[in-house]
Amino acid sequence: MIDNYMEMGVMPTHEELLVPLGKIGEAFSPGSDKSKNISIWEEALTEDVVWEAPFAEPPIYIKGRRAVGMFFDWLLENVPNFEMALENVYFTEGEASYVIQVSGGGPVLGGGVYNQQYFSLIRIHDGKISYFREHFKVAETYRAFGRDRFHDSIAEMQRVADGDA
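Residues numbered from 1 in each chain as written. Predicted model: local features only at pLDDT ≥ 70, side-chain atom pairs only at ≥ 80, totals over all residues. Heavy atoms only, no water.

Focus: unusual backbone geometry
Then, in step 1: Residues Glu57 and Pro58 are joined by a peptide bond in cis, for which omega reads 0°.
Then, in step 2: Mapped onto the secondary structure, Pro58 falls in the loop between strand E1 (45-53) and strand E2 (60-63).
Then, in step 3: Phi angles above zero are rare outside glycine, and Asp126 is one such case at about 50°.
Then, in step 4: Looking at where Asp126 falls in the secondary structure, it is placed in the loop between strand E5 (113-125) and strand E6 (128-136). (Helix = DSSP H or I, 4+ residues; strand = E, 2+ residues; numbered from the N terminus.)

Next comes the structure, spelled out in structure tokens:
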């Protein structure tokens, strides 16, 4: 994927590539002011950002800052004390992208604990995240939130992404 960095012939530093991820980390920090999330999503995500989980059943594809922000907000509403740890970052060569390994979770509203491992491919365009491809333990997601509840919530976010809501 060629983005503006490549077109300009300038590659951002690894630190510059991580800036939008750090902004999202602010929203997921324990005790953060969740009312600031909309501005965080605007600073960190492109308008046409894509979040997908191709190995979920069924595969998930959400497009647009509003819908992806809704997904993140949904997760934070259901796990209000969500904690995460960035375990590894693997930078790609020749692209403004990287793969992260993150562990995260916390107590779920209504009982139980969400304990997840994520591997995510992240692409950066114009200093913002334009693409997430996440791999996670689907069984853990269903156990923590309920399969039907999780997919009903995703369907609502996809309706927003399609402009139907």
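Topic: the packing of aromatic side chains
Then, in step 1: The full count for this structure, using the stated rule, is 13 aromatic pairs.
Then, in step 2: For the pair Phe82 and Tyr114, a centre-to-centre distance of 6.5 Å together with 45° between the ring planes defines the contact as tilted. Taken together, the residues Phe82 in the loop between helix H4 (65-78) and strand E3 (83-91) and Tyr114 in strand E5 connect sequence positions 32 residues apart. One exposure class covers both Phe82 and Tyr114, and it is buried.
Then, in step 3: One cation-aromatic arrangement involves Arg123 over Tyr131; the distance from NZ or CZ to the ring centre is 4.6 Å. (Phe/Tyr/Trp six-rings, centres within 6.5 Å; stacked < 30°, edge-to-face > 60°. Buried < 20%, exposed > 50% of the residue type's maximum accessible area, 1.4 Å probe, protein only. Lys NZ or Arg CZ within 6 Å of the ring centre and 35° of its normal.)

Description of the sheet that holds E6
By way of backbone hydrogen bonds, the strands of a sheet pair with one another, either parallel or antiparallel.
Then, in step 1: One open sheet holds the six strands; their spatial order is E2-E1-E6-E5-E4-E3, and the pairing between them is mixed. The open sheet is flanked by E2 and E3, the only strands paired with a single partner. Between one strand and the next, the sheet's axes are offset by a mean angle of 20°, whatever the strand orientation.
Then, in step 2: Relative to E5, strand E4 (residues 97-107) is paired through eleven bridges, and the arrangement is antiparallel. The residue bridging Ile100 from the neighbouring strand is Ser120, located in E5.
Then, in step 3: In this fold helix H3 (residues 37-44) packs onto E1 and E6, with an angle of close to 95° to the strand it touches most, E1.
Then, in step 4: Contacts from H4 reach E1, E2, E4, E5 and E6, with the element oriented near 60° to E1. (Pairing = 2+ DSSP bridges. Axes fitted to C-alpha atoms, helices over the stretch in contact; angles between N-to-C directions. Contact = heavy atoms within 4.5 Å.)

Looking at empty space enclosed by the protein
Then, in step 1: Scanning the entire structure with this criterion turns up two cavities of 30 Å³ or more.
Then, in step 2: Quantified by volume, the largest cavity comes out at close to 60 Å³.
Then, in step 3: The wall of the largest cavity is formed by Trp51, Phe71, Leu75, Tyr114, Tyr118, Glu134, Phe136, Thr141, Phe145 and Phe150.
Then, in step 4: At the level of elements, H4, E5, E6 and helix H5 (138-145) are the ones that each hand at least two residues to the lining of the largest cavity. (1 Å grid on protein atoms, 1.4 Å probe; cavity = no way out; pocket = protein on both sides within 12 Å on 5 of 7 lines; lining within 4 Å. Points joined across faces, edges and corners; volume = space filled by probe spheres on them.)

Digging into the pairing of E6
Then, in step 1: Examined bridge by bridge, E1 and E6 share four bridges and lie parallel to one another. In the strand pairing of E6, Trp51 is matched with Phe132.
Then, in step 2: As paired strands, E5 and E6 are joined by eight bridges and run antiparallel to one another. Bridge assignment links Leu121 to a residue of E6, and that residue is Arg133.
Then, in step 3: Where E5 folds back on E6, the antiparallel hairpin that results is connected by two residues, among which Asp126 adopts a positive phi of roughly 50°.

Focus on the pattern of salt bridges
Then, in step 1: Considering all chains together, one arrives at six salt bridges under this definition.
Then, in step 2: Residue Glu47 is joined to Arg65 by a salt bridge in which the shortest nitrogen-to-oxygen separation is 2.9 Å. Here Glu47, found in strand E1, pairs with Arg65, found in helix H4; they are 18 residues apart in sequence, far enough to count as distant.
Then, in step 3: Judged by its relative accessible area of 56%, Glu47 falls in the exposed class.
Then, in step 4: Given a relative accessible area of 16%, Arg65 falls into the buried group.
Then, in step 5: Glu140 is the partner of Arg143 in a salt bridge, and the nearest nitrogen-oxygen pair spans 2.7 Å. In this pair, Arg143 and Glu140 both sit in helix H5, three residues apart, roughly one turn of the helix.
Then, in step 6: For Glu140, a relative accessible area of 12% puts it in the buried group. (Salt bridge = Lys/Arg side-chain N within 4 Å of Asp/Glu carboxyl O.)

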